[in-house]
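Each chain, written out:
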Amino acid sequence: MDTEKDRTAAAPPGPDRYRSLFESMDEGFCIIEFLDGPHGPLSDYAHVEANPAYERNAGIPNVVGQKVREMVPEEADGWVDLYGSVLKTGKPIRFQRELVATGRHLEVSAFRIEPASDNLVAVLFKDVTDRLRAEASQRALHEQLEARVAEALAEREEAEEALRQVQKMEAVGQLSGGLAHDFNNLLAGISGAFEMIAVRIAQGRSAEIDKYLNAGQGATRRAAALTHRLLAFSRRQTLSPKAVVVNRLLPDFAELVHRTVGPAIEVETVAATGLWPALVDTNQLENALLNLCINARDAMPDGGKITIETGNRWLDDRAAREHALEPGQYVSVCVSDTGTGIEKAIIDRVFDPFFTTKPIGQGTGLGLSMVYGFARQSNGHVRIYSEVGQGTVVCIYLPRHRGEEDQETDIETLPVAELGNGEAVLVVDDEPSVRLLVADALSEHGYACIEASDGPAGLRILQSNAKISLLITDVGLPGGLNGRQVADAARDLRPDLPVLFITGYAENAVLNHGHIQPGMELLTKPFAIDDLVRRVGLLARAYTA
């Protein structure tokens, strides 16, 4: 039999229990009844029930019996619309809204009390003003912190830019100081040689002139080499790229390295099988590699081993970013040594101009900067890896050329003395001494030279009836027409006319980014007279063939 206690436990909660819950709950609770109002049917509502927490949460006392349009007339329409939708649809809602009259932010849920015909809606809500203020304060603090971080980053960027400017000016100072030192030495040798030649001629001691001529020419060659290294560093040297498989250069180059580094150092070449062609100026590539081999030799005073290795490389997006390159296929040429290595503290500076770890007088500091500039101008890159006491590896990356190798003509096989046959050569250069030397040298070898001092003057001669077999022009010319424009105009007038560009500083943009047409050659100042005559002969013979 059930006991009285069991029956009490099983009985449903009575009204007293619900009333206790209604009175003690923290959330505000009310029941509203929709009424007809001044704005039409069911356009107002009255509070028919409300718990004590209503006042604590909403800030309005004694709401039972009050109509919303009397309590908060300016906000009534909004509240009527919200709760009216619950009454009409029967769908509960949950929202957050400010009760402007009291400045309280309320989190509200509402549902219809059935039957719908009673027009009753129950509302449960709580005051979340403190929480929202805390959140707003947190957002403001966060925004303030973000602003401070942005300001700090801007200050850091400004400081870094200032540091970069200081470093740039330091590099410029280092560059100009190194240039002044080296060029003053070379100019002293050249000017001194000229003075001594003049003195010996005046004394009638012409037999002693040769040694001064040799000294002046040697200083001139060193000055030219220094200029070429600077142009390579700044990516402004004149390149003549050809499609070549670098492996074909290795045997002769290895012999040159053997003779240069001496017997104490072993030289090994590792040629990759199936190496792709690369579009590169082979002479400048060999110069760059020779610089690397000389650096390797100097890093192994007690002897060691130099390895020259080629390879095919496919760089994906990540690897390309690490190498500062475009993704794709590359040919790598690496020079490694077993020398002393480079400290991590200075390895990022080794490509700076005139930076050197060698003792004073044992290096210009332009070798690696020249290699870097050459690689970048060839649309490639150079990377260096080193461990102190283990050695160094420097790799040049060159873009793969999709096509066959170019067949080159060796102009040095042409006999200098038999090149000219009365062909007319137009020489366009704004430097009178250059025109004089070129015209005299070619005249000595059987050419008839016509001179022009600027682009328009040269173009007028080309537009005349003069028979011209070859155009020689500087790239940078005054008068509004550069050498490339003169050459293009000449080709329009005389489609097969061969052109030889002579330049000491050729902007890639002037030369169409290094692309010159068939029948055009490029010679860098200063040049050997024999080289000039051979190139003229090669072009002139091709024109008359």
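Everything below is about the structure shown above.
Residues numbered from 1 in each chain as written. Predicted model: local features only at pLDDT ≥ 70, side-chain atom pairs only at ≥ 80, totals over all residues. Heavy atoms only, no water.

Points about the sheet that holds strand S2 (residues 40-50)
Heads up, the rule is: Strands were regarded as paired on the criterion that DSSP finds at least two bridges between them. Numbering of helices and strands runs from the N terminus, with a helix taken as a DSSP run of H or I at least four residues long and a strand as a DSSP run of E at least two residues long. Only the contacting stretch of a helix is used when fitting its axis, a line to C-alpha atoms as for every element, and angles between N-to-C directions run 0 to 180 degrees. Every residue pair with non-hydrogen atoms within 4.5 Å of one another is taken to be in contact.
Strand order in this open sheet of 5 strands is S2-S1-S5-S4-S3, and the pairing throughout is antiparallel. This sheet does not close on itself; its edge strands, each paired only once, are S2 and strand S3 (93-99). Going from strand to strand, the sheet's axes swing by 35° on average, the running direction of each strand aside. As judged from the 7 bridges shared by strand S1 (residues 28-37) and S2, these two strands associate in the antiparallel manner. Directly across from Cys 30, in S2, lies its bridge partner Ala 50. This element, helix H5 (residues 76-89), spans S1, S2, S3, strand S4 (104-113) and strand S5 (120-127) of the sheet and lies at about 165° to S3.

Quick notes on the state of the cysteines
Here is the rule we go by: Here, the term disulfide refers to a pair of cysteine sulfur atoms separated by no more than 2.5 Å.
Under the defined criterion, the tally for this structure stands at 1 disulfide. Covalently, Cys 334 is tied to Cys 395 through a disulfide, its sulfur atoms 2.0 Å apart. Sign of the S-S torsion, about 110° for the bond between Cys 334 and Cys 395, identifies this disulfide as right-handed. Residue Cys 334 is found in strand S10 (residues 328-337), and its partner Cys 395 is found in strand S12 (residues 391-399); the two are separated by 61 residues along the sequence.

Quick look at the packing of aromatic side chains
Operational definition: For Phe, Tyr and Trp, where Trp contributes only its six-membered ring, two rings pair if their centres lie within 6.5 Å, and the inter-plane angle classes them as stacked under 30 degrees, edge-to-face over 60, or tilted in between. Accessible area is worked out with a 1.4 Å probe on protein chains only. A residue is then buried under 20% of its type maximum, exposed over 50%, and partly exposed in between. Whether a charge sits over a ring comes down to the Lys NZ or Arg CZ being within 6 Å of the ring centre and within 35 degrees of the ring normal.
Considering all chains together, one arrives at 7 aromatic pairs under this definition. When the ring of Phe 22 is compared with that of Phe 29, the centres are 5.7 Å apart and the planes differ by 90°; the resulting orientation is edge-to-face. For Phe 22, a relative accessible area of 11% gives the class buried. The exposure class assigned to Phe 29 is buried, which follows from its relative accessible area of 17%. Following the ring pairs from residue to residue traces out a cluster consisting of Phe 34, Tyr 45, Trp 79, Tyr 83 and Phe 95. In this structure, Arg 97 packs its charged tip against the face of Trp 79, placed 5.2 Å from the ring centre.

Remarks on the environment of Arg 400
As a reminder of what qualifies: Any N or O atom pair separated by 3.5 Å or less is treated as a polar contact, with the protein-specific requirement of one donor-capable and one acceptor-capable atom, and with residues adjacent in sequence counted only for side-chain atom pairs.
Structurally, the position occupied by Arg 400 is in the loop between S12 and strand S13 (424-428). For Arg 400, a relative accessible area of 28% gives the class partly exposed. Separated by 121 residues in sequence, Arg 400 and Leu 279 have C-alpha atoms that sit 7.1 Å apart. If near-sequence neighbours (up to four positions away) are discounted, Arg 400 is found in contact with Trp 276, Pro 277, Gln 329 and Tyr 330. For Arg 400, the side chain forms a polar contact with the side chain of Gln 329, separated by 2.7 Å.

Some remarks on the environment of His 105
Of note, His 105 is situated in strand S4. For His 105, a relative accessible area of 26% puts it in the partly exposed group. C-alpha of His 105 to C-alpha of Phe 125: the two residues are 20 residues apart in sequence and 10.0 Å apart in space. Apart from the residues lying within four places of it in its own chain, the contact partners of His 105 are Arg 97, Glu 98, Lys 126, Asp 127, Val 128, Thr 129 and Leu 132.

Points about the side chain of Glu 423
Examined against the element boundaries, Glu 423 turns out to sit in the loop between S12 and S13. Excluding anything up to four places from it in sequence, Glu 423 contacts Gly 446, Tyr 447, Ala 448, Ser 469 and Ala 540.

Regarding the packing of helix H8 (residues 250-261) against helix H9 (residues 282-298)
Stated formally: For any pair of crossing helices, the crossing counts as left-handed if the nearer helix is rotated counterclockwise from the farther one by less than a right angle, and right-handed if it is rotated clockwise.
Contact geometry of H8 with H9 gives a least axis separation of 10 Å together with a crossing angle of 35°. Seen along the crossing, H8 lies across H9 with a hand that is right-handed. Between H8 and H9, the contacting residues are Phe 253, Leu 256, Val 257, Thr 260 and Val 261 on the first element and Glu 286, Leu 289, Leu 290, Cys 293, Ile 294 and Arg 297 on the second.

Notes on the nonpolar core
It is characteristic of soluble globular proteins that their nonpolar side chains tend to be buried jointly. Here is the rule we go by: By nonpolar core we mean a set of buried residues, namely Ala, Val, Leu, Ile, Met, Phe, Trp, Tyr and Cys, connected to one another through side-chain atoms within 4.5 Å.
With 41 residues, the main nonpolar core has Val 257, Leu 285, Leu 289, Leu 292, Ile 306, Ile 308 and Ile 396 as its most contacted residues. By residue number, the principal contributor to this core is H9, which donates 7 residues. If we skip the residues at most four places from it in the chain, Leu 292 touches Val 335, Leu 368, Val 371, Val 394 and Ile 396. Core analysis: the next-biggest nonpolar cluster, separate from the first, contains 26 residues, Ile 32, Tyr 54, Val 72 and Ala 76 among them.

Focus on unusual backbone geometry
Residues Glu 114 and Pro 115 are joined by a peptide bond in cis, for which omega reads 0°. In this structure, Pro 115 sits in the loop between S4 and S5. In this structure, Asn 119 is a non-glycine residue whose phi angle is positive, near 60°. Tracing the backbone shows Asn 119 in the loop between S4 and S5. Relative accessible area serves as the criterion here: at 22%, Asn 119 is assigned to the partly exposed category.

A closer look at the sheet that holds strand S7 (residues 265-270)
Spatially, S7-S9-S10-S12-S11 is the arrangement adopted by the 5 strands of the open sheet, whose pairing is mixed. A single partner strand is all that each edge strand has here, and the edge strands are S7 and strand S11 (381-387). Strand after strand, the sheet turns through a mean of 20° between neighbouring axes, direction not considered. Bridge count for S10 against S12 is 8 bridges, and the pairing is antiparallel. In the strand pairing of S12, Val 331 is matched with Leu 398. Packed onto the sheet, H8 meets S7 and strand S9 (304-315) and runs at close to 165° relative to S7.

As for the pattern of salt bridges
To keep things clear, this is the line we draw: Salt-bridge detection follows one rule: a side-chain nitrogen of Lys or Arg within 4 Å of a carboxyl oxygen of Asp or Glu.
Under the criterion given, the structure shown has 14 salt bridges. One salt bridge connects Asp 298 with Arg 297, and the closest N-O pair in it is separated by 3.1 Å. With relative accessibility at 27%, the residue Arg 297 sits in the partly exposed group. A salt bridge links Arg 535 to Glu 521; the nearest nitrogen and oxygen atoms lie 3.4 Å apart. Separated by 14 residues along the polypeptide, Arg 535 in helix H15 (residues 529-544) and Glu 521 in strand S17 (residues 520-524) bring together distant segments of the chain. One continuous salt-bridge network, built from bridges that share partners, spans Glu 107, Lys 126, Arg 131 and Glu 135.

Notes on the packing of helix H13 (residues 455-463) against helix H14 (residues 483-493)
Operational definition: Roughly parallel refers to an angle under 35 degrees, roughly antiparallel to one over 145, roughly perpendicular to one between 65 and 115, and oblique to any angle outside these ranges. All residues other than Ala, Val, Leu, Ile, Met, Phe, Trp, Tyr, Cys, Pro, Asp, Glu, Lys and Arg, Gly among them, are scored as polar; the first ten of these are nonpolar and the last four charged.
Running from N to C, H13 and H14 point in directions that differ by 10°, and their axes come no closer than 10 Å. The pairing of H13 with H14 is recorded here as roughly parallel in orientation. Only Val 486, Ala 489, Ala 490 and Leu 493 of H14 make contact with H13, whose side of the interface consists of Gly 455, Leu 459, Leu 462 and Gln 463. Among the residues making up the contact of H13 with H14, the classes are represented as 6 nonpolar, 2 polar and no charged.

The values are spatial; any link to function lies outside them.
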